[in-house]
Amino acid sequence: MNPAGEANGYFISKKYSYYVFSLLFMLYAFDYIDRLVVVSLFPFLIKDWGLTDAQCGALVSAVYWSIILFTFPVSLLIDRWSRKKVIGLMAVFWSLATAACALTKNFTQLFIARTAIGVGEAGYAPGGTAMISALFPQEKRSLMVGVWNASIPLGSALGVALGGIVAEHFGWRHAFGLVALPGLAVALLFFWIKDYQTVELVKTVQADQGAGGRTRMGTGDIIREFLGTKSLIFTYLAFAGNTFLTTSLLTWLPTYFHRAEGLSMSQAGLKGSVIMLLAIVGAPVGGLLTDLWLKKRTNARMLFSSLASLVTALTFLAAFTLFSGQGRYIVLLLGGMSAAAFSPAAIAVTQDVVHPGLRAISYSFCAITQNILGSSLGPLFVGLVSDRYGLSLALTLVPLFTLVSAVLYFLGSFYYDRDLAKVEKIELRVEQ
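Computed from a predicted structure; not experimentally measured. (Residues numbered from 1 in each chain as written. Predicted model: local features only at pLDDT ≥ 70, side-chain atom pairs only at ≥ 80, totals over all residues. Heavy atoms only, no water.)

This paragraph deals with the overall build of the protein. In terms of regular secondary structure, the protein is built from 21 helices and two strands. Its C-alpha atoms give the protein a radius of gyration of 21 Å, near enough to 22 Å, the size a compact globule of 432 residues would have. Looking at the 432 residues of the protein, the share that counts as buried comes to 59%. Contacts in the protein between residues far apart in sequence, at least 24 positions, make up 82% of those at least 6 positions apart. Here the protein has roughly 16,600 Å² of accessible surface; of this, 68% comes from carbon and sulfur atoms. In the protein, 32 positive and 23 negative side-chain charges are present, and the distance between their average locations comes to 2 Å. (Helix = DSSP H or I, 4+ residues; strand = E, 2+ residues; numbered from the N terminus. Rg over C-alpha atoms; globule rule 2.2 N^0.38 Å. Buried < 20%, exposed > 50% of the residue type's maximum accessible area, 1.4 Å probe, protein only. Contact = heavy atoms within 4.5 Å. Areas by Shrake-Rupley, 256 points an atom, 1.4 Å probe, with all protein chains shown as cover. Lys, Arg positive; Asp, Glu negative; His and termini not counted. Charge placed at Lys NZ, Arg CZ, Asp CG, Glu CD.)

Take a look at the structure:
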């Protein structure tokens with residue numbers, strides 16, 4: 001195969017790139033179906049096992065704690081071995097772990113099974129992001145990442161909605177078994193796609209440092225690659241505030257509607273999932289607007305992430321403090337649309353400003369940061385505050401974390417151009 005850039009900027013071909021992308025999209029949707037199906041099962045678990053809200057929140061957080069621990073070593077395998085093989089193995093593992101949840105007998109067993117789901121899902125976002133960055137031209141990166149990330153609200157909404165419906169009609173154990181099967185089927189297809197060759201970790205030697213040319217990067221060079229890239233560090237930290245909000249709302253909105261409005265869990269799950277489902281619109285539109293703005297400002301990806309985070313924070317704050325009833329729900333719908341708009345631009349930054357051989361690792365650091373400070377803490381934070389002060393107040397506090405994100409992205413925008421200029425230019429090739 002010819003190097004990337006000789007097929008109108010596509011790594012292999014436009015048609016094949018979209019085929020692989022469709023598999024990546026489906027796997028990401030099944031990832032979140034399996035991750036969040038438990039949300040609609042909270043009332044059933046509380047009834048059967050007498051769980052507290054904090055324990056229910058911990059069942060969601062358990063997945064993210066596993067991701068924190070395993071995303072970096074898995075991402076090393078992705079960048080240094082094979083994208084397709086690691087992704088396929090991960091998807092098989094998380095699907096089987098989801099099915100195992102149906103067989104659990106108490107909170108401890110379910111917590112362990114949920115932890116295993118996180119082990120399987122640990123490197124999927126870094127691996128998928130690295131593949132999309134290779135498959136598509138750089139100027140389409142935000143858009144394609146945005147479309148790919150639309151699978152998150154789709155999978156989340158399906159998981160929440162299906163969980164409640166299946167649990168009410170057949171029992172909560174059947175919900176786990178039902179959602180585990182489709183991802184397993186798609187995972188097996190992934191072993192036969194074309195992958196790119198593992199990128200050598202080399203850097204350019206300046207003329208004043210020797211004879212010129214390139215030399216292999218050492219551990220110190222790799223550490224400096226990340227610690228010396230300020231726009232990357234600001235993006236990692238800001239991403240955590242965004243995921244603190246989105247994970248908290250995905251986890252607790254169905255229960256909020258169940259308690260506040262007396263809806264059945266299937267109705268509450270559907271109502272809550274519609275809010276976050278609107279991110280299907282927000283993520284691709286955010287990616288498209290970012291790529292258009294990029295033609296005029298090179299640091300548009302950082303600035304757009306800041307603006308989208310600000311709008312999201314203010315929208316959800318207004319919803320929980322200024323509105324009630326149907327008016328609140330309408331504002332929540334608007335917030336659901338804007339909540340994912342930041343992600344295509346922010347994720348693209350994690351790929352733009354690092355060595356091409358470190359892209360999965362770069363996003364793994366983003367995943368670790370967002371899960372330590374965001375996704376793992378959000379559901380638990382809401383559960384703890386809810387147990388003491390009520391769920392409404394807990395959800396009102398959550399948008400403040402996204403307000404901090406807006407500030408961090410804005411600060412990072414001042415360093416983006418300098419960081420982009422120092423990135424190594426290396427062509428990718430299809431593995432033989």
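Evaluated as defined, the whole model comprises 28 aromatic pairs. Every member of this aromatic cluster is reached through a ring pair, and the members are Tyr 28, Tyr 32, Trp 94, Tyr 124 and Trp 148. A cation sits over an aromatic face here: Arg 35 above Tyr 32, 4.1 Å from the ring centre. We note Lys 271 situated over the ring of Tyr 329; from NZ or CZ to the ring centre the distance is 4.7 Å. (Phe/Tyr/Trp six-rings, centres within 6.5 Å; stacked < 30°, edge-to-face > 60°. Lys NZ or Arg CZ within 6 Å of the ring centre and 35° of its normal.)

On inspection of all chains with the given rule, the structure shows one cavity of 30 Å³ or more. Its boundaries defined by the atoms lining it, the largest cavity holds a volume of some 430 Å³. Taken together, 30 residues line the largest cavity, and the ones lying closest to its centre are Tyr 32, Ile 152, Thr 243, Thr 246 and Gln 370. For the lining of the largest cavity, the elements supplying multiple residues, two or more each, are α1 (14-36), α3 (53-80), α6 (124-135), α8 (151-170), α11 (230-261), α16 (343-352) and α17 (359-375). Broken down by class, the residue content of the lining of the largest cavity amounts to 19 nonpolar, eight polar and three charged. (1 Å grid on protein atoms, 1.4 Å probe; cavity = no way out; pocket = protein on both sides within 12 Å on 5 of 7 lines; lining within 4 Å. Points joined across faces, edges and corners; volume = space filled by probe spheres on them. Nonpolar A, V, L, I, M, F, W, Y, C, P; charged D, E, K, R; others polar.)

Right, let's get into helix α10 (residues 219-227). By the burial criterion, the buried members of α10 are Asp 221, Glu 225 and Phe 226. Buried residues of α10, viewed axially, fall in a sector of 130°; they line one side. The outward face of α10, more than 90 degrees from its buried face, is lined by the exposed residues Thr 219, Arg 224 and Leu 227. Contacts made by the buried residues of α10 are with β1 (202-204), β2 (214-216), α11 and α17. (Arc of directions from axis to C-beta.)

Leu 24, Tyr 124, Phe 176, Leu 253 and Leu 395 are the most contacted members of the largest nonpolar core, which has 115 residues in total. With 12 residues, α11 is the single largest residue contributor to this core. (Core = buried A, V, L, I, M, F, W, Y, C linked by side-chain atoms within 4.5 Å.)

On to a nonpolar patch on the surface, then. Residues Leu 307, Leu 310, Val 311, Leu 314, Leu 400, Phe 401 and Leu 403 make up a contiguous nonpolar surface patch of about 540 Å² in total accessible area. Where the nonpolar patch is concerned, the elements lending two or more residues are α14 (300-322) and α20 (399-412). Counting residues per element, the nonpolar patch draws most heavily on α14, at four residues. Relative to the helices and strands, Phe 401 is located in helix α20. Given the relative accessible area of 32%, Phe 401 is considered partly exposed. (Patch = residues over 30% accessible without salt bridge, like charges linked within 9 Å, V, L, I, M, F, W, Y side chains within 5 Å. Salt bridge = Lys/Arg side-chain N within 4 Å of Asp/Glu carboxyl O.)

A few words now on the environment of Ser 364. Note on placement: Ser 364 falls in helix α17. Put simply, Ser 364 and Leu 76 are 288 residues apart on the chain and 9.1 Å apart in space, counted from C-alpha to C-alpha. Among all residues touching Ser 364, those that are not within four sequence positions of it are Thr 71, Phe 72, Ser 75 and Pro 126.

Applying the stated criterion across every chain, the model contains nine salt bridges. We note a salt bridge from Glu 261 to Lys 271, for which the minimum N-O separation is 2.7 Å. Pair noted here: Glu 261 is in helix α11 and Lys 271 is in helix α12 (residues 265-277), with a separation of 10 residues, a long-range link. A relative accessible area of 18% means that Lys 271 is categorised as buried. Residues Asp 291 and Arg 301 are paired through a salt bridge, measuring 3.3 Å at the closest nitrogen-oxygen approach. On the criterion of sequence distance, the pair formed by Asp 291 in helix α13 (residues 279-294) and Arg 301 in helix α14 is long-range, its members being 10 residues apart. As far as the burial class goes, Asp 291 and Arg 301 line up, both buried. Counted as one network, the salt bridges with shared partners bring together Arg 141, Asp 291, Arg 301 and Asp 352.

The subject of this paragraph is the environment of Leu 181. With respect to the helices and strands, the residue Leu 181 is situated in helix α9 (residues 172-189). Along the primary structure Leu 181 and Asp 34 are separated by 147 residues, whereas in three dimensions their C-alpha atoms are 10.0 Å apart.

Among the nine residues that make up helix α7 (residues 141-149), seven are buried, leaving the element largely enclosed by the rest of the structure. Of all the residues in α7, the buried ones are Arg 141, Ser 142, Met 144, Val 145, Gly 146, Trp 148 and Asn 149.

As a further point, take the side chain of Ser 375. With respect to the helices and strands, Ser 375 occurs in helix α17. We classify Ser 375 as buried; its relative accessible area is 3%. One polar contact links Ser 375 to Thr 247, side chain to side chain, over a distance of 3.1 Å. A distance of 3.4 Å separates polar atoms of two side chains, one belonging to Ser 375 and the other to Asn 371. (Polar contact = N/O pair within 3.5 Å; in protein donor to acceptor, adjacent residues only side chain to side chain.)

Time to look at the state of the cysteines. Under the counting rule described, the total for this entry stands at zero disulfides. No disulfide involves Cys 56; its nearest neighbouring cysteine sulfur is the one of Cys 101, lying 14 Å away. (Disulfide = S-S within 2.5 Å.)

What follows concerns the packing of α1 against α7. Interhelical geometry of α1 versus α7 gives an angle of 40° and a closest axis separation of 9 Å. Overall, the two elements α1 and α7 adopt an arrangement that is oblique. Facing α1, whose interface residues are Tyr 18, Phe 21, Leu 24, Phe 25 and Tyr 28, α7 presents Met 144, Val 147, Trp 148 and Asn 149. A breakdown of the residues in the contact of α1 with α7 according to their chemical character gives eight nonpolar, one polar and no charged. (Axes fitted to C-alpha atoms, helices over the stretch in contact; angles between N-to-C directions. Parallel < 35°, antiparallel > 145°, perpendicular 65-115°, else oblique.)

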